[in-house]
Structures are given as structure tokens and as C-alpha cells.
Amino acid sequence: SQQGEEDPQALSIQEGENATMNCSYKTSINNLQWYRQNSGRGLVHLILIRSNEREKHSGRLRVTLDTSKKSSSLLITASRAADTASYFCATDHWGAQKLVFGQGTRLTINP
Amino acid sequence: GAVVSQHPSWVICKSGTSVKIECRSLDFQATTMFWYRQFPKQSLMLMATSNEGSKATYEQGVEKDKFLINHASLTLSTLTVTSAHPEDSSFYICSARGLAGGIEQYFGPGTRLTVT
């Protein structure tokens, strides 16, 4: 299976702290995307990083990509209770139309 | 921004019946639509890729005769779960890729199917 791996599977931190989630994949990518999903809801696109990029920022989000290690990380700074959700990485592989989703990290922000 | 809708948002049906789920791109034309399935506390698993006007490409292990996909227009794809069983109960999510072949996919809000 091409499905990527994410760790940790679950993360619980205090409001205000930073949260870091990691994603690893197996084959070369065109780009990697991060999504958020609140319980029982659809996906919200957070950020896309292309294979020739190493770091990208969007508000309190920072994404890094290391193609040599086939890994990416998502950092959420100054977390808020509203950040509580599941976070998924998804890889877009060369030659394939489809996204392959990682297993996800369930993030809980405690007030 | 690009919006994808799904209808219905939830449905309960009896075992043995068929259920149709619609996925529409509201403000753009989508040459390619994707159907995913998500079990509780699990990730999204791609079921099939559909291109407008052609047959869907199913992922390994997905029964094409059970999950019928039709992508008849550039703004509508449908997934029909035929002869539904309780194990088909799941969250079904569609996504769409734009006409220009852009790399972004836009996701619908999902449909929760419960088969009793």
C-alpha cells in the first residue's frame, strides 16, 4: 500500500503550546498536502507544499518537506481549543491522478 | 473558492436496498472526481476515480458492481451503493479536480450512510 504513515496517532496538549505532527511516505511525490477534519465533517485543505519546496507557512501553520527522507511535518503554533481535530497528510504522486492519505493524527487541545 | 456539495448529508437505509449519493462541483467544472470511504477514526481510503464521460477506475478490492459510479457531466458524479449491507455503513466523501487540471482537489462535506 502507498498509504503514508503519520505520527503520533494521537496528541493531547495544553492550549497555547505548539503541536507537531509528522508524515512519512514511500514513493516520490509531486506535492504533499495537509488537511484538517473535525469530527464527522468534511476535509478542510490547510496547505500544499510542492516537491521542490522545503518549507511553507500559512498563519500559525508551518510545513516542512524533506524529500530525501520522504517525510513532512506540520507545526501548529500557539494552539487553540478550536484546533482540536484530526489532521491528515496526503501525497500526490507523479503519474497518478490520486491523493494518498496518511493515517491521521488526532489532536486534542485542552483549555 | 471552489465548492463541492454532496447530497444527502446523511441517509439511513434498510439492508438490501440501494442508495445514491450525489457529488456536485458548484462553481467550477470538474473533469475528475474521486470517491473515498472513511470508517470511524480511520483515514480516507480511495474507492474510485471517475473522469467525465468515461468509466470509473476502481481501486483494488472495491467491487465495481456494488459501488456504481456515474460521472455524466462536468459538475455531477453519483455513487450508488447497491444491495447495501450493514458493513457498507460508512462516511463517503467525494472530491473534484478542476477542468484546468490543477493539482488541488476540493472535497465535499461527506455523506454518512447507515444501513440497518
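Whatever comes next refers back to the structure up there.
Residues numbered from 1 in each chain as written. Chains lettered and ligands numbered in written order. Predicted model: local features only at pLDDT ≥ 70, side-chain atom pairs only at ≥ 80, totals over all residues. Heavy atoms only, no water.

Undergrad: I tried to follow the overall build of chain A on my own but got confused; where do I start?
TA: From N to C terminus, chain A includes zero helices and eleven strands. Summarising its shape, the C-alpha atoms of chain A cover approximately 45 × 30 × 20 Å along the three principal directions. The 111 residues of chain A split such that 46% are buried. Partitioning the contacts of chain A with sequence separation of at least 6, the portion at a separation of at least 24 is 55%. On chain A, roughly 5,300 Å² of surface is accessible, and the fraction owed to carbon and sulfur atoms is 44%. Averaging the locations of the 13 positively and 10 negatively charged side chains of chain A gives two centres separated by 5 Å. (Helix = DSSP H or I, 4+ residues; strand = E, 2+ residues; numbered from the N terminus. Buried < 20%, exposed > 50% of the residue type's maximum accessible area, 1.4 Å probe, protein only. Contact = heavy atoms within 4.5 Å. Areas by Shrake-Rupley, 256 points an atom, 1.4 Å probe, with all protein chains shown as cover. Lys, Arg positive; Asp, Glu negative; His and termini not counted. Charge placed at Lys NZ, Arg CZ, Asp CG, Glu CD.)

Undergrad: Help me understand the interface of chain B and chain A, please; the structure alone is not making it clear to me.
TA: A common way to report how large an interface is uses the accessible area buried once the components associate. On the side of chain A, 22 residues touch chain B, which itself brings 23 residues to the contact. Where chain B abuts chain A, roughly 1,600 Å² becomes buried across the two surfaces, and 52% of that area is made up of carbon and sulfur atoms. Sorting the residues of chain B by area buried against chain A places S43(B), I103(B) and F107(B) first, and these three jointly supply 31% of that buried surface. The tally of links from chain B across to chain A stands at two salt bridges. With a shortest N-O distance of 2.9 Å, E59(B) and K98(A) are connected by a salt bridge. Run the count over chain B and chain A and you get five residue pairs in polar contact (both at pLDDT 80 or more). Listing elements by their share of the side of chain B that touches chain A, those giving two or more residues are β4 (30-38), β5 (44-51), β9 (90-98) and β10 (105-107) of chain B. (Buried area = accessible area lost by both parts, 1.4 Å probe. Salt bridge = Lys/Arg side-chain N within 4 Å of Asp/Glu carboxyl O. Polar contact = N/O pair within 3.5 Å; in protein donor to acceptor, adjacent residues only side chain to side chain.)

Undergrad: Would you take a moment to explain unusual backbone geometry for this structure?
TA: Glycine aside, negative phi is the norm for most residues, and most peptide bonds take the trans geometry. Residue and element names in this part refer to chain A. Each neighbour pair has its own omega, and for D7 with P8 the value is -5 degrees, a cis peptide bond. Tracing the backbone through its elements, the reader meets P8 in the loop between β1 (5-7) and β2 (10-14). Unusually for a residue other than glycine, A78 sits at a positive phi of about 45 degrees. Within the secondary structure layout, A78 lies in the loop between β8 (71-76) and β9 (85-93). Exposure remark for A78: the relative accessible area of 39% places this residue in the partly exposed category.

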